[in-house]
Amino acid sequence: MALLNFKKKPSVRDGAFNSAEVEAFLDGYSIEVMPRTAEKIDDFSALLPQGTRVYIAHIEGTPIEDMVATAARIKGEGYDVMPHFPARIIKDEATLADWIARYQGEANVTQALLLAGGVANPHGDFDSSMQLLETGLFDKAGFKNLHVAGHPEGNKDIDPDGSDSNVMDALRWKQSFNERTDADMALATQFAFEAGPIIEWADAIKEAGIDIPIHIGIAGPAKLQTLIKFAIACGVGPSLKVLQKRAMDVTKLLLPYEPTEVLSQLAAHKAANPDFNITKVHFFPLGGIKTNANWAIENGGASGRPANPS
């Protein structure tokens, strides 16, 4: 089966795939924004279901004031906000404590995604999400949800030799932390395009004793050129090779990608295996927040219905 089918994708309304399975799988999906992309949305309630978790990506150079203001705005519209805490751009424990206090005091934030961050050299004392967790500041502040990164295709920054040795060591550490924190934890993963390897990875870490729920990263609808750009930036290895091969075909280069196939396959697997450890979908709206939300509205049934549809 081809990895990416760039023909027009059927929607739930076409009856071409099991709408009940997809609707169930998309229930409670999350989506990622940045301050600059959130500014383009006049009203999130016209696009997102009530209570959707909105991750706020913290890109190097973004002032914490912009991050907190974005969190306060989205929280005020009735959504759960989960800002990123990238370890390598946080100078020290005092800075981390200040960020936590600002998010709590100004935006009533009780959730965080902790990750190493995309910079090669740490700006201060922290190098990994584990070091952030070890400070105890999130538990002390009473955060209810702490998410950490998962890597279905591995991570060359963590394992330069192409193995998964260091990634698995980190997952085992996070599993141990999960057993002693009062917060609910989940693995929010990098995006991937093919269901088979995702399922194999999820089953493998469960077999290794990692039972933290997985929120699988899925790239939203986007042009192929856009996907390649982000795949390069994010280090998506196997998927990138397939995308580059597809880009050689000019007839496919201009057609948009939609996540219909990968999500319908994962949804079918979840329906057949209720104990499957992927529990939520996390969208990376690489083609735009509105484009991604409209895809969910068209394909997700009740799970995609916005809080205030027009």
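Each remark here, short or long, concerns the structure printed above.
Residues numbered from 1 in each chain as written. Predicted model: local features only at pLDDT ≥ 70, side-chain atom pairs only at ≥ 80, totals over all residues. Heavy atoms only, no water.

1. Digging into the nonpolar core
Judged by nonpolar contacts, the single largest core of 80 residues is most densely connected at Phe 85, Phe 138 and Leu 146. If one sorts the elements of this core by residue count, helix α8 (residues 195-207) sits on top with 6 residues. If we ignore the near neighbours within four places in the chain, the residues touching Phe 85 are Ile 90, Leu 96, Trp 99, Ile 100, Tyr 103, Ala 112, Leu 113, Leu 114, Leu 115, Leu 132 and Phe 138. (Core = buried A, V, L, I, M, F, W, Y, C linked by side-chain atoms within 4.5 Å. Buried < 20%, exposed > 50% of the residue type's maximum accessible area, 1.4 Å probe, protein only. Helix = DSSP H or I, 4+ residues; strand = E, 2+ residues; numbered from the N terminus. Contact = heavy atoms within 4.5 Å.)

2. Observations regarding the pattern of salt bridges
Side chains that differ in charge, positive against negative, can pair when their charged atoms come close. Summed over all chains, the structure comprises 5 salt bridges. One salt bridge in this structure joins Asp 127 and Arg 88, with 3.2 Å as the shortest N-O distance. Note that Asp 127 is positioned in the loop between β4 (111-115) and α5 (129-134) and Arg 88 in the loop between β3 (80-86) and α4 (93-107), a separation of 39 residues in sequence. The exposure class of Arg 88 is buried, given its relative accessible area of 13%. Taken together, the shared-partner salt bridges connect Glu 65, Asp 98 and Arg 102 into one network. (Salt bridge = Lys/Arg side-chain N within 4 Å of Asp/Glu carboxyl O.)

3. Overview of helix α13 (residues 289-299)
For α13, every residue scored as buried is listed here: Ile 289, Asn 292, Ala 293, Trp 295, Ala 296 and Asn 299. Seen end-on, α13 carries its buried residues on one side only, within an arc spanning 155°. Turning to α13, the residues buried within the fold contact α1 (19-26), β1 (30-33), α2 (35-38), α12 (260-272) and β10 (278-284). Gly 301, located one to two residues past α13, shows a positive phi value of around 60°. (Arc of directions from axis to C-beta.)

4. A closer look at the packing of α1 against α12
One can describe the packing of α1 onto α12 by two numbers: an axis separation of 8 Å at closest approach and a directional angle of 90°. Put simply, α1 runs roughly perpendicular to α12. Taken together, the residues of α12 that come into contact with α1 (itself represented by Glu 21, Val 22, Phe 25 and Leu 26) are Leu 263, Ser 264, Leu 266, Ala 267, Ala 268, Lys 270 and Ala 271. Tallied by class, the residues present in the contact of α1 with α12 amount to 8 nonpolar, 1 polar and 2 charged. (Axes fitted to C-alpha atoms, helices over the stretch in contact; angles between N-to-C directions. Parallel < 35°, antiparallel > 145°, perpendicular 65-115°, else oblique. Nonpolar A, V, L, I, M, F, W, Y, C, P; charged D, E, K, R; others polar.)

5. Overview of helix α3 (residues 64-76)
Under the 1.5 Å per step criterion, the end-to-end length of α3 is 18 Å for 13 residues, consistent within 8% with the ideal 18 Å. Residues Ile 64, Met 67, Val 68, Thr 70, Ala 71 and Ile 74 constitute the buried set of α3. When α3 is viewed along its axis, its buried side chains cluster within an angular range of 160° and face the same direction. Looking at the buried side of α3, the elements it contacts are β1, α2, β2 (53-56), β3 and α4. Immediately beyond the C-terminal end of α3, within one or two residues, lies Gly 78, with a positive phi of roughly 100°. (Expected span 1.5 Å × (residues − 1).)

6. Focus: the side chain of Thr 260
The residue Thr 260 is located in helix α12 in this model. For Thr 260, the side chain forms a polar contact with the side chain of Trp 295, separated by 3.5 Å. (Polar contact = N/O pair within 3.5 Å; in protein donor to acceptor, adjacent residues only side chain to side chain.)

7. Let's talk about the sheet that holds β1
The sheet built from 8 strands closes into a barrel, its strands ordered β1-β2-β3-β4-β5-β6-β7-β10 with parallel pairing. On average, each strand axis in the sheet is tilted by 30° relative to the strand beside it, whichever way the strands run. The pairing of β2 with β3 spans 4 bridges and is parallel. From the neighbouring strand, Val 54 faces β3, where its bridge partner is Val 81. Across the sheet, α3 touches β1, β2 and β3, and the angle it forms with β2 is around 170°. (Pairing = 2+ DSSP bridges.)

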